[in-house]
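Structural characterization, general
Okay, here's what each chain looks like letter by letter:
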Amino acid sequence: FNSSGHCSLFFVGLLSCLLIACAPANKAQSLTFSGPLMGTDFRITVVLPTGMESDLLFERIKATMQALEQSMSTYIDDSEVSQFNAARAGQEFEISDEVAQVLAEALSIAVLSDGYFDVTVGQLVNAWGFGPGGRIEKQPAPEQLLALQQSVGYQKLQLNDRYLSKDHDGVMIDLSAIAKGYTVDRVAAYLLRQGISNFLVDIGGELRAAGRNIDGQLWRVGIERPEVLGGVDRIVVLDNMAIATSGDYRSFLLIDGEKFSHTIDPTTMRPALHQLALVSVISDRASTADALATAMMAMGEDKAQQFAQQNQLAAYFVIRDAASGGYKTIITPQFLPNLQ
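Keep in mind that this is a model prediction, so the values were computed, not measured. (Residues numbered from 1 in each chain as written. Predicted model: local features only at pLDDT ≥ 70, side-chain atom pairs only at ≥ 80, totals over all residues. Heavy atoms only, no water.)

Let's shift gears to the overall build of the protein. Across its full length, the protein carries eight helices and 18 strands. When the 340 residues of the protein are sorted by exposure, 55% land in the buried category. If you take every contact in the protein between residues at least 6 apart in sequence, the share linking residues at least 24 apart comes to 61%. As displayed, the protein offers around 14800 Å² of accessible surface, 48% of which is attributable to carbon and sulfur atoms. (Helix = DSSP H or I, 4+ residues; strand = E, 2+ residues; numbered from the N terminus. Buried < 20%, exposed > 50% of the residue type's maximum accessible area, 1.4 Å probe, protein only. Contact = heavy atoms within 4.5 Å. Areas by Shrake-Rupley, 256 points an atom, 1.4 Å probe, with all protein chains shown as cover.)

To continue, consider the pairing of strand β7 (residues 199-203). Burial within β7 is extensive, with five of its five residues counted as buried. Because side chains alternate across β7, one face comprises the buried residues Phe199, Val201 and Ile203, and the other comprises Leu200 and Asp202, equally buried. Pairing between strand β3 (residues 40-48) and β7: five bridges, direction antiparallel. Within β7, the position partnered with Thr45 by the bridge is Leu200. Pairing analysis gives five bridges linking β7 to strand β8 (residues 206-210), with the strands arranged antiparallel. Paired with Leu200 across the two strands is Ala209, which belongs to β8. Where β7 hands over to β8, the hairpin turn is made up of two residues, of which Gly204 adopts a positive phi near 60°. (Pairing = 2+ DSSP bridges.)

The next point concerns the nonpolar core. Membership of the largest hydrophobic core comes to 71 residues, with the highest contact counts inside it found for Ile44, Leu175, Leu191 and Met296. The element best represented in this core is helix α7 (residues 286-299), accounting for ten residues. Contact partners of Ile44, with chain neighbours within four places excluded, come to Leu31, Thr32, Phe33, Phe58, Ile61, Met65, Val187, Leu191, Leu200 and Val201. Val221, Ala314, Tyr316 and Val318 belong to the second-largest nonpolar core, a separate cluster that totals 16 residues. (Core = buried A, V, L, I, M, F, W, Y, C linked by side-chain atoms within 4.5 Å.)

Look at helix α6 (residues 179-193) against α7: their axes get within 7 Å of each other, and the N-to-C directions meet at 165°. Classified by the angle between their axes, α6 and α7 sit roughly antiparallel to one another. Considering the relative orientation of α6 and α7, their crossing is right-handed. Packed against α6, whose contacting residues are Ala179, Lys180, Gly181, Tyr182, Val184 and Asp185, the element α7 presents Ala286, Ser287 and Asp290 at the interface. Considering only residue class, the contact of α6 with α7 consists of four nonpolar, two polar and three charged. (Axes fitted to C-alpha atoms, helices over the stretch in contact; angles between N-to-C directions. Parallel < 35°, antiparallel > 145°, perpendicular 65-115°, else oblique. Left-handed = near helix turned anticlockwise from the far one by under 90°. Nonpolar A, V, L, I, M, F, W, Y, C, P; charged D, E, K, R; others polar.)

Next up on the list: α7. Here α7 is 14 residues long and its end C-alpha atoms lie 20 Å apart, about the 20 Å a rise of 1.5 Å per residue gives. For α7, a buried count of 14 out of 14 residues is recorded, marking the element as mostly surrounded by other parts of the structure. With its phi angle positive at about 95°, Gly300 sits one or two positions after the end of α7. (Expected span 1.5 Å × (residues − 1).)

For the rest of this paragraph, the subject is the environment of Ile264. Take Ile264: it is sitting in strand β14 (residues 264-265). Residue classification places Ile264 among the buried residues on the basis of a relative accessible area of 8%. Taking the C-alpha atoms as reference, Ile264 lies 7.4 Å from Leu124; in sequence the two are 140 residues apart. Residue contacts for Ile264: discarding those within four places in its chain leaves Leu124, Val125, Trp128, Met269, Arg270, Pro271 and Ala298.

Written as structure tokens, this is what we have:
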């Protein structure tokens, strides 16, 4: 994966594969494990029950995350996603349970969002210089984008249990706007199966919290200011919930002095162009929050607010004020109880 521009948030200065113990050996310990993953960084903090060994636990977590990256990354030539992208139209391609689960939710949110979330933007991501091929120096020509229309559209995917097919040659999927959130959820599920009920999992700004920290407090995370230098804007308290943040200020392209966001609007086939700088979404699952944040970034400030209201989403919007050069914040009623 490349870094999707998801932004957040709480942990800064990640250290590669660092394990930190924060309590005497005969008591519960707060342990943190971090490192690179999916073109970004992960950081996992757990309150380890008394007597539980940590080494094997974190090795298995790391193996789980790496296996999911191997399945879903467009940057790995033999990943499931890359192999499907190279397949011909009409060919039934067998996929893993994990990829099937991600695609099922992705297609559901595509329908819910009227196509603003669409994993078939793979060709557009590449054309605009945000894919494995690297940056571009000039905008794609209108005729190039027109030719790509037949390759874009979630309706061109057919998912039947564990078999995936495409209706047109050239359809390419890109799961980067949901896969990190899904991986967070898989790590959370594994921890719960091991009897660990207090943790915070963060992969590239997609977070999921359970229980409480070593001090017995609910987990607190920060929403970043939508600026390159960042800094915490607001503190959010997570009570067994997930949060994902998407913004346009971390990953973007400058072409002839014009700024292009990494978020592709599938309805225009171009980077989203609006005043919405950042969206944070709280949900039960990180995958859901991840995809919904991306969908609303593609929609822009007006449609995104309507969408959040219609679907009663816990959403936090930061919108640029062109007149003043500052920002304004819109917070839905469902998000407000989580603000400190």
